Each structure stands twice: as structure tokens, then as C-alpha cells.
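# Structural overview for review
Spelled out from the first residue to the last, the chains are:
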Amino acid sequence: MKDSKIYDVIVIGSGHAGCEASLAAARVGLSTLCLTINLDTIGLMSCNPAIGGLAKGHLVKEIDALGGEMAKNTDATGIQFRILNASKGPAVRGSRAQADRTLYKNRMKTVMESQPNLDVKQGIVDDILVEEGHVVGVRSNIGVEYYGKSVVITSGTFMKGLIHVGLVNYAGGRSGDLPSEKLSDSLRNLGFEIGRLKTGTCPRLDAKTIDFSNLIPQHGDEPPAPFSFSTKEITQRQVPCYITYTNEETHNIIRSGLDRSPLYSGVIQGVGPRYCPSIEDKIVRFPDKIRHQIFLEPEGYATQEIYPNGLSTSLPYDIQLKLVRSIPGLEKAEIMRPGYAIEYDFASPTQLKPSLETKMVKGLFFAGQINGTSGYEEAAAQGLIAGINAALFVKEEEPLIIDRSEGYIGVMIDDLVTKGTSEPYRMFTSRAEYRLHLREDNADLRLREKGYSIGLVSEDDYRAFTEKKREIEAEMERLKTVKVPVTAEVNSKLESLNSVRIVEPITLENLLKRPEIRYKYLMEIAELPHPHPDPLPDGEGKLPPLQGEGWGGDGVSKAVAEQVEIQIKYQGYIDRQMEQVERFRKTEKMRIPDDLDYSEVPSLSREVRDKLSKIRPLSIGQASRISGITPAALSILMVYLKGRNRKQNGGAVGWIKA
């Protein structure tokens, strides 16, 4: 049976990747269908009810800058907001929010169902329909065929999902949901390389049975800082989390159950996440560690379920209950849902172009855990890019590709399509070479223009952005020209701030470059009486008024003050990094033709030819990041391409530019 409607974009799945992909395609004006196994679990947080964290927060900010939904959804449903690494430099700070799990999915479901150009339907996809190397639609398990000009697969952990609790296992996409049993077979039949990965989650505990009285409360930041650049403030009630620890008794209980652990008895074949190990994995890998921290995180306002972050496990239920009750505060805790591990199929991401379109089938895109990643934020970022590029594919326009110098999204996608992954990939700040440039706070300055040009950023949001840019530029220029005179009052204030006295007038910019001077201190200095008005452009007695960081008045906003301070304080480092970025971009502009036959390039080894033929890098820069491609091989390739271009250009030397 054929569905009567032909869509521009079909999205399979409605997790974090599927929601962003569906909304992106629909918001640029294309008719879009989202097919999901269960309409009641749109946007469901399958594991930890939290968004963001170190490097992950960067991804959420970038999604928002491009016009995605995750940050807005988090701001509307978050119950605790914190800035991680707040005492460290701006490049490694990360926003994190605990969300109300039910409110999060309900709001996302409302957004999806209310979005013009988007149809949301329930169905299990068994087959991808392909004609002459081009995707044309999908077929459901009940035989309904949906036709579309492009397809985005965001299957999460559902492809042949197998859940493990101890030595018991059963099929499921996650606990309580059906798996997708035939979709990966369809992909395999099309010639895709399919592998197997594993992840897991914690047991959920009943808050009524937990003794919080002697546990350490952890409160969020006050006031809470929103994720979205469009959110003015967080108004909903905030709640605390609590900290406790495992102990030697806990560890002995875990060791006693390892013979029935699917992870250590050989039952699980998939590779698990190295950077988010199960509690049994921690005990085995770190036998000398006497305790492990556990965060007790509420899942929402209207539920008693508590998520014990740090206790991911697939041990048998009886061992889970014992180990939970050995932890302080949890001596009488009841498990509402057991923890489990899940194995699932994924497709090697080296089979993708940087646009996330597959190399093998035109118009077919992959996003999220099907590409071997782990985490809501990684999935949502890929979903957004895949949805955008599926739409641009239909419109016969060039794809949107964020490179490594433009965003963490670019770092992640380049890592995946260039290097692949043999374990669940997780984003870290250390993966980004240009992380001083790729900060959370400037994600809008880096990517807002791109989101607006595609059509995902509203006119109101774009106007607010351009005004913010104007204010930053104006304030930075002003700080370069306004000077602080030498007075007893000024020097007394500087000494109180543990700063060196001045012996001649100094610009506010140079004063702000001092490590101990914050932007907010400039206002205090500006308010001091000054008996020598000559150097002061605003008349006698005081400097021009300064505002910022939420101080009120008609001055700059907190966001502008933050940018001004960071850009001035780190100007030298940022300038050096931008020089590195410029060198990087030169190699990215050295394009490699899509149809290049690497067997014709002389002096390349078979290994190098095979790798280049498999990855098919777009540029010399991307080729340099392929494992095993040596500097010598790159030199040979560059010489060959220059000669090839010279012949094609009638003797003129030059690269095919990006």
C-alpha cells in the first residue's frame, strides 16, 4: 500500500536526532514526515534526564545558534542549571541542566506536532526503498510505503536492540519499547557495513525510600543561566541534587556478581562506551579506588523516580538491589526500574560524506547513534545538520558543512566521517584544536549568520543578535579610547583589587587586560570622583557611565559585558589561534575532485590508496587527518593534483578552491 503523499524529507525516529532533523527540514519550508515507533516517546530522555556538560554544552549552544530546538526545550523544562568548570578559563566551561523528563518530552512532542510542514506518524520502518542508487522512500512493517525525495535515519539504539539484565536478555529498543528488527538488514542488503555497539543505564530509585538527611545537597547556580541565546531568564522552580558514594562493601557485592554479568561472562558482544563505564567496569578497571561518587538526580517535579548518576549497570537484579542498599542514604531504597545494558546495530560513519549523506545511496542521511555516537547532544547536533542537508539536497543547493574551525559540531562530524569509530563516540573539549575560539559563549557569533541564511533563525532572534554584535563592537571601541586618570582614589581602588597602581593615564581596555580586573570593576572605578576632568570625554568629575553583568540601567547587557571581557583579556591568545585557523582553512580550500582515481596517483602505497578511496576526502586538510596518511603521501598527492590542475587549466597552476 502506498501513502498518498510524496514528501520532500522523511525522518525515521523521533529521539533527539530525529526531532532536530524533522524540525529543521520543516522549518526551511519542505514537506516532512517523521515516522516513529511510539508517538508517546517523542523526545524521550532514555537515560540521564540532563542536557549539556563539558563539551556537550558547546554542542547545545551551537544547535541553538543554528536555529535548533534543544536549548529552548531545556530552558523551558530545566529544574537545575549549573556552569561546570566555572572557575576555569572560558574555553572549557560547560553548561549543564537537569530537566523534568516528562515535561521535556511533552513539550518537544507539542513543538513537533504544531510545526507547519511536518507530519508525525507512528510506524516501524523495515525497508529503505532505493532506485538507481537514489533513495525514494521507506516501507513499514505493515506494508505501508511512504515516498520521499530524501530520507534521514535516526534509529538510536533501536536497530536489533537487545536488552541485558544479568544473564537474561530480550529484544527492545530501550526498556518498554519495541526494537527495529529489520532496518539494519535492509541497510546491510544495500551494501552498508554494519557493526555492533553497547550502552547502558542506571536503575531508577524511589525517592520515598531514600534517606536524604545525611547526604550532601548540590544546588544549581543562582540565578540559573539559560542555554538558549533567545531565553531571557529561567522562571521555573529549581530543585537540588544529592551526592553520596560507593564503598568497599558495594565493590565486594559487585565483584560477587561478575560471574553473572553479561559484560564479563561474554554474553555482550558489542563495544561499550569507554568514557561512561558501568559501575562494574569501574570496579574492575580501577581496583585501587576506594569509592565512586554518585549523584542522586530527580527526574521531575511530579515523579518520585531518582536517577543515581554513576550507577549504570547490567548486573542481575538481586545484585543491583544489594549494591544500591550498601550505599549511604540508600539503605532502604527500592528499585523502581532496574538498570540494564543494550546492544544495537550501527553503521560505520566513514560511509558518510561530511554532509552526513551516505556515499552509497544518494539522498540518504544518517544521524545520531546509528553513526556510533553516544549522548543526546551529539545526536541532536547530527540530526540538525542531517535535516538541513536533506532539505538542501532536495532544493539542489550546496550542503551546510561546519568545519573544525567553526564549531564543535564540525569537529565531531569530521572525526566521525574521517576517522570512524570502534566505540561509542563522545564529545570532549580536548578533541577541538581551536577550543579557545570555539567557546560556548560565542556560539551565536560563530554560527548565527549561517542559521539565519538557511532560514532556521527567526527575524526577532536575528535582530537581537545583530544588536548584540553592534553593542560588543561599540563597547570594545569605547574602552580603547576612554582613559582613567591618575588619582589617589583610582590607585586606592586598584590596590583594594590587588592590582598595581598607575603612574599615568591608562585606557579602560588596558586596565581590563589585567588578570585581576573584571569588567564589573570598571564601573566602580568610573564612579569614583575625578578632580582632573581634562582627559575625560564626558565632562567633569567622572568617567562615562559603564553598565553590564546585570547591573541595570541603560548600559550593555550581561552577555555583551561577558564578550567584551573575554575578547579583551584573551586577545593575544585568540589572535594566535586565529592564525592557526587561517592555516587550517588554506588546506581545507585545497579541494580534491570527487571523481579522483587514486590508483592513477604514482608512488602511493596500496594502504594509502585504499584509505583515500574509502574515505574520499574533500580536501588536502581532510586527507591529512586520515589515520595512516603520512606527510610524504600528502606531498605526493599535492604534487599530482597541481600537475593535474595545470593540465586542465591550460598550463596555469592553481587549486580547485572551495
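Residues numbered from 1 in each chain as written. Predicted model: local features only at pLDDT ≥ 70, side-chain atom pairs only at ≥ 80, totals over all residues. Heavy atoms only, no water.

### Thoughts on the overall build of the protein chain
Counting its secondary structure elements, the protein chain contains 20 helices and 22 strands. Taking 26 Å as the expected radius of gyration for a compact globule of 658 residues, we find that the protein chain reaches 27 Å, a close match to that expectation. Expressed along its principal axes, the backbone C-alpha trace of the protein chain runs to roughly 85 × 80 × 50 Å. When the 658 residues of the protein chain are sorted by exposure, 56% land in the buried category. Counted over contacts in the protein chain with a minimum sequence separation of 6, partners at least 24 positions apart contribute 72%. Mean positive and mean negative side-chain charge positions of the protein chain (84 and 87 charges, respectively) differ by 4 Å. (Helix = DSSP H or I, 4+ residues; strand = E, 2+ residues; numbered from the N terminus. Rg over C-alpha atoms; globule rule 2.2 N^0.38 Å. Buried < 20%, exposed > 50% of the residue type's maximum accessible area, 1.4 Å probe, protein only. Contact = heavy atoms within 4.5 Å. Lys, Arg positive; Asp, Glu negative; His and termini not counted. Charge placed at Lys NZ, Arg CZ, Asp CG, Glu CD.)

### Points about the sheet that holds strand β5 (residues 94-99)
Across the sheet, 3 strands lie side by side as β3-β5-β4; this open sheet has antiparallel pairing. Two strands in the sheet have a free side with no partner beyond their single neighbour: β3 (50-52) and β4 (78-84). Taking each pair of neighbouring strands and ignoring which way they run, the sheet shows an average axis angle of 15 degrees. Across 6 bridges, the pairing between β4 and β5 is antiparallel. Note that in β5 the partner of Ile83 across the bridge is Ser95. Packing against the sheet, helix α2 (residues 56-66) makes contact with β3 and β5, and its axis sits at approximately 80 degrees to β3. (Pairing = 2+ DSSP bridges. Axes fitted to C-alpha atoms, helices over the stretch in contact; angles between N-to-C directions.)

### A short note on the sheet that holds strand β19 (residues 340-347)
Pairing within the open sheet is antiparallel, and its 4 strands lie in the order β11-β10-β19-β12. Of all strands in the sheet, those with a lone pairing partner are β11 (168-171) and β12 (194-201), marking the two edges. Recorded for the sheet is a direction-independent mean angle of 25 degrees between the axes of neighbouring strands. By the bridge criterion, 3 bridges tie strand β10 (residues 162-165) to β19 in an arrangement that is antiparallel. Across the sheet, the residue bridging to His164 is Ala341, located in β19.

### Side note on the pattern of salt bridges
Counting across every chain of the model gives 43 salt bridges. Between Lys56 and Glu377 there is a salt bridge, with its nearest N and O atoms 3.3 Å apart. A residue pair is termed long-range when its members are at least 10 positions apart, and Lys56 in helix α2 and Glu377 in helix α9 (residues 376-394) qualify at 321 residues. Residue classification places Glu377 among the buried positions, given a relative accessible area of 3%. Glu62 is paired through a salt bridge with Arg446; the nearest N and O atoms lie 3.0 Å apart. Note that Glu62 is positioned in helix α2 and Arg446 in helix α11 (residues 443-454), a separation of 384 residues in sequence. (Salt bridge = Lys/Arg side-chain N within 4 Å of Asp/Glu carboxyl O.)

### Focus: the confidence of the model for the protein chain
Confidence in the prediction of the protein chain, expressed as mean pLDDT, is 92, and 94% of residues score 70 or more. In this model residues 532-541 is a low-confidence stretch, pLDDT under 50, and it forms 16 contacts with partners more than four residues away in sequence or in other chains. For the stretch residues 546-554, pLDDT sits under 50, and the model shows 28 contacts to residues farther than four places along the chain or on other chains. (pLDDT = per-residue confidence, 0-100.)

### Examining the state of the cysteines
In this structure the tally under the stated criterion is 0 disulfides. Here Cys19 stays free of any disulfide, with the sulfur of Cys34 as its closest cysteine sulfur at 6.5 Å. By relative accessible area, Cys19 is classed as buried at 1%. Its sulfur unpaired, Cys47 is 6.0 Å from the next cysteine sulfur, which belongs to Cys202. Judged by its relative accessible area of 21%, Cys47 falls in the partly exposed class. (Disulfide = S-S within 2.5 Å.)

### Considering the packing of aromatic side chains
Two descriptors summarise a pair of aromatic rings, namely the distance from one centre to the other and the angle between the planes of the rings. Counting across every chain of the model gives 6 aromatic pairs. Centre to centre, the rings of Tyr452 and Tyr462 are 3.7 Å apart; their planes meet at 5 degrees, and the pair counts as stacked. With Tyr452 in helix α11 and Tyr462 in helix α12 (residues 459-481), this pair connects stretches of sequence that are 10 residues apart. Judged by relative accessible area, which is 15%, Tyr462 ranks as buried. Pairwise contacts between aromatic rings join Tyr452, Tyr462 and Phe465 into one cluster. Between the NZ or CZ atom of Arg291 and the centre of the ring of Tyr245, over which it lies, the distance is 3.6 Å. (Phe/Tyr/Trp six-rings, centres within 6.5 Å; stacked < 30°, edge-to-face > 60°. Lys NZ or Arg CZ within 6 Å of the ring centre and 35° of its normal.)

### With respect to the pairing of strand β1 (residues 2-12)
Bridge count for β1 against strand β9 (residues 145-153) is 7 bridges, and the pairing is parallel. Bridge pairing in β9 links Ile6 to Tyr147. As paired elements, β1 and strand β2 (residues 32-36) share 4 bridges and run parallel to each other. When the sheet's bridge partners are listed, Ile10 is paired in β2 with Leu33. Read from β1 through helix α1 (residues 16-27) to β2, the crossover connection turns out right-handed. (Right-handed = clockwise from strand over helix to strand, strands pointing away.)

### Remarks on unusual backbone geometry
For the bond from Glu222 to Pro223, the omega torsion is 0 degrees, close enough to zero to count as cis. Here Pro223 is to be found in the loop between β14 (216-218) and β15 (241-245). Here Glu396, not a glycine, exhibits a phi torsion of approximately 55 degrees, which is positive. Along the polypeptide, Glu396 turns up in the loop between α9 and α10 (408-419). What makes Glu396 exposed here is its relative accessible area of 77%. With phi around 75 degrees, Ser603 is a residue other than glycine that occupies positive phi space.

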